[in-house]
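The chain contents come next:
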Amino acid sequence: MAFISSVKRTLKKVKWKRYTSYIVVGAWFAVLLLLDLFGGLNDTGSRLMMLAAVYAVLAVSLNLVVGVLGELSLGHAGFMAAGGYIGAIVSKALAPSLPVAAYFPVSMIAGGLAAAAFGILIGVPVLRLKGDYIAIVTLAFSMIVFTVAQNLDFTGGASGLKEIPAETNYINAFVVLIIVLVVIQNFTRSKHGRAIMSIRDNEIAARACGVNITYYKLFAFTLAAFLAGVGGCLYAHTATVLRPESVDYNTSIELLVMVVLGGMGSMTGSVIAAAVLTLLPEYLRFLQDYRMIIYAVVLILIMVINNNETLRRYKDRFFAWCKRALAAAWAKCKTALKGKKKAPAPAAETRETLQAPAEFTEVDETALDERERKGEK
Amino acid sequence: MEFLSSIINGLSLGAMYAMIALGYTMVYGIAKMLNFAHGDVITLGAYTVVIVSSTVLVPAINLPVWAGFIAAVLVCAAVGVLVEFVAYKPLRRASSLAVLITAIGVSYFLQNFFQIVFGTSTKNFPRVPLFNETWMIGSLPLNSGSFFTLIFSVLIMIALTFFVKKTQTGRAMLAVSEDRSAAQLMGVNVNRTISVTFAIGSALAAVAGFCYGYTYTGIVPTTGAMPGIKAFVAAVLGGIGSIPGAFVGGLALGIVEYLSQIYISTQWSNVIVFGILIVVLLVKPTGLLGKKRSEKV
């Protein structure tokens, strides 16, 4: 008993909020592994989960630029393309002589480095610009990468790079996702991460405090490019062919939508949004042609509801109401369970006395909530 | 001679970009947002002409082309105002990124709407009499369509300059773009001004859709996407928010794109166009005719 209570105490000390993303991804991965073990995961399912994990890697890396650095990038697919093509070419060269476990990490790192090189190349001039202009130049960059990939011989031209070893599966995709999450979370919570967030919040104030703006902007941008390259390399190996169309402007936009829907700066949010947005169109297939239009409408609605003051107030009130209802239901369940446990030979009297305080606490809780809300206003 | 005719063709391509870029730049100047759905309004304009003036989509309606043109302008202006009211107006005080994502949502919506209603197959634009001829000026062959596109854009530019400088609504637009809250305090109806801006921008996109239609003839649901992006680049090249800038940027982009297609390579022209954008922004970060804004602490 003493052991259990000490474990309980240490568990209470852990700041769980810091580890939400690992817990979410880890639990999801564990469920998948269990399902797979008992044969509950078919080919389509594992392919979808793999794609969801790959998009999560890409979305998380974009979140570093958009959410943490606070610069809008419309060309993330350009870095993804660089990493994908270089990685695929490296693994094509190494595949005949090495086992998968040896060459796959090498090609991922090669892809990441190639993308990081592009990140520096484009970042040095771009990060001098402000706001919307960064968005436009990154857009132009990804257009250039797309056109180049379409027209060079060694990238396979418009028909795509062929005979890539399709070695990505949901297991290695999840392992990479977890590694990327660890890197990003630790980076953003370090001294460097805080410097970058200070640039996002107020560039002039950050400069006045002695933060080297150019260096940190470039650092974040290049790291994001590197991770996007790794993600792109994973993506390239999901199939045997890598077409330029799969890394075009629309992909950048989809990634951006994932980041914004998940909440800028929140890595857990990006992962969940990437999963939902990858799986949703698949499960909406029964709606046929209407699914994309529904997707668009949902996107507009979410943006409007989350960003309009009046509508957001209604939303918050609704969620607060849900929360209170849930808490009340939970309290009722608790008392019901306790009542059963503690009263093996139930007499009518004891039951009443047991239930009465429970009702009081319930009322107290709502009253507290009410007071809190009034205090906020 | 060949060079001169490519210059003219480039100018006409640029004139089309300029018309679209004017819409981008006006909306950016006044509502401070990048309207990514603008390209799809071009498609809407082209489809409206196809509906009204040919038997391809709706066999019952077959009016002359000028009626289709007027219908396209009206429909696009109405849709522009409607989109602004439904999707952008609730987000007046939201971050620019939120508005941008909403605009992307609107663009997805319009493209998929066209796909469901009009189908994915290519729809042929009706033949416009007088616009598909080749005129000879001396020994210089001139496509009449290119000529009319140029004329359209110059007329629009003159009308727009007059409108902005001389009318009350136009000056209200200038005031709102300068300082929204100050304009409001001076009694300018900001919401109405923004609606008018969207109506004008979308009407210009309809004209561009018409020009695209008779130049390239085939219309698909994603027709407007690429010209939309190019025009956006043109607007930035000229200095976003500046009306003459959009015009100059559009023409410059058109000439560069056409000449590089003819003299260098069709495939690589996009690289050259976007490369020039990057270089210009690095040398002059506010674009060719953009104003520099000082930073407030």
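Please refer to the structure placed before this passage.
Structural notes, computed from the coordinates.

The rules behind each value
- Residues numbered from 1 in each chain as written.
- Chains lettered and ligands numbered in written order.
- Predicted model: local features only at pLDDT ≥ 70, side-chain atom pairs only at ≥ 80, totals over all residues.
- Heavy atoms only, no water.
- Axes fitted to C-alpha atoms, helices over the stretch in contact; angles between N-to-C directions.
- Helix = DSSP H or I, 4+ residues; strand = E, 2+ residues; numbered from the N terminus.
- Parallel < 35°, antiparallel > 145°, perpendicular 65-115°, else oblique.
- Left-handed = near helix turned anticlockwise from the far one by under 90°.
- Contact = heavy atoms within 4.5 Å.
- Nonpolar A, V, L, I, M, F, W, Y, C, P; charged D, E, K, R; others polar.
- Buried < 20%, exposed > 50% of the residue type's maximum accessible area, 1.4 Å probe, protein only.
- Buried area = accessible area lost by both parts, 1.4 Å probe.
- Salt bridge = Lys/Arg side-chain N within 4 Å of Asp/Glu carboxyl O.
- Polar contact = N/O pair within 3.5 Å; in protein donor to acceptor, adjacent residues only side chain to side chain.
- Phe/Tyr/Trp six-rings, centres within 6.5 Å; stacked < 30°, edge-to-face > 60°.

**Concerning the packing of helix H2 (residues 38-53) of chain B against helix H8 (residues 190-216) of chain B**
All names here are of chain B.
(1) Moving on: For the pair H2 and H8, the least separation of the axes is 7 Å and the interaxial angle reads 55°. As the angle between them shows, H2 and H8 are arranged oblique. Seen from above, H2 lies across H8 with right-handed handedness. Where H2 approaches H8, its residues His-38, Val-41, Ile-42, Gly-45, Ala-46 and Val-49 are matched on the opposing element by Gly-201, Ser-202, Ala-205, Ala-206, Ala-208, Gly-209 and Phe-210.
(2) Moving on: Residue composition of the contact of H2 with H8, by class: eight nonpolar, five polar and no charged.

**Focus on unusual backbone geometry**
Glycine aside, negative phi is the norm for most residues, and most peptide bonds take the trans geometry.
(1) Moving on: A positive phi angle, close to 55°, is found at Glu-163 of chain A, a residue other than glycine.
(2) Moving on: Tracing the backbone through its elements, the reader meets Glu-163 of chain A in the loop between helix H6 (132-151) and helix H7 (170-188).
(3) Moving on: Here Glu-163 of chain A falls in the exposed class, since its relative accessible area comes to 67%.
(4) Moving on: Even without being glycine, Lys-32 of chain B reaches a positive phi, approximately 55°.
(5) Moving on: Within the fold, Lys-32 of chain B resides in the loop between helix H1 (2-31) and H2.

**Thoughts on the interface of chain B and chain A**
(1) Moving on: Contacts between the two partners involve 41 residues from chain B, matched on the other side by 45 residues from chain A.
(2) Moving on: Between chain B and chain A, roughly 3,900 Å² of surface is buried when both sides are summed, and carbon and sulfur atoms account for 80% of that area.
(3) Moving on: Our count for the chain B to chain A interface comes out at one salt bridge.
(4) Moving on: In this structure, the connection of chain B to chain A is made through two residue pairs in polar contact (both at pLDDT 80 or more).

**What about the packing of aromatic side chains?**
(1) Moving on: In total, this model carries 30 aromatic pairs over all chains according to the counting rule given.
(2) Moving on: Relative to Phe-141 of chain A, the ring of Phe-118 of chain A lies with its centre 6.0 Å away and its plane at 50°, an arrangement referred to as tilted. One end of the pair, Phe-118 of chain A, is in helix H5 (residues 100-126); the other, Phe-141 of chain A, is in helix H6, with 23 residues separating them in the sequence.
(3) Moving on: By relative accessible area, Phe-118 of chain A is classed as partly exposed at 34%.
(4) Moving on: Of the residues examined, Phe-141 of chain A reaches a relative accessible area of 6% and is grouped as buried.
(5) Moving on: The rings of Tyr-47, Phe-109, Phe-113, Phe-114 and Phe-118 of chain B are connected pair by pair, giving a single aromatic cluster.

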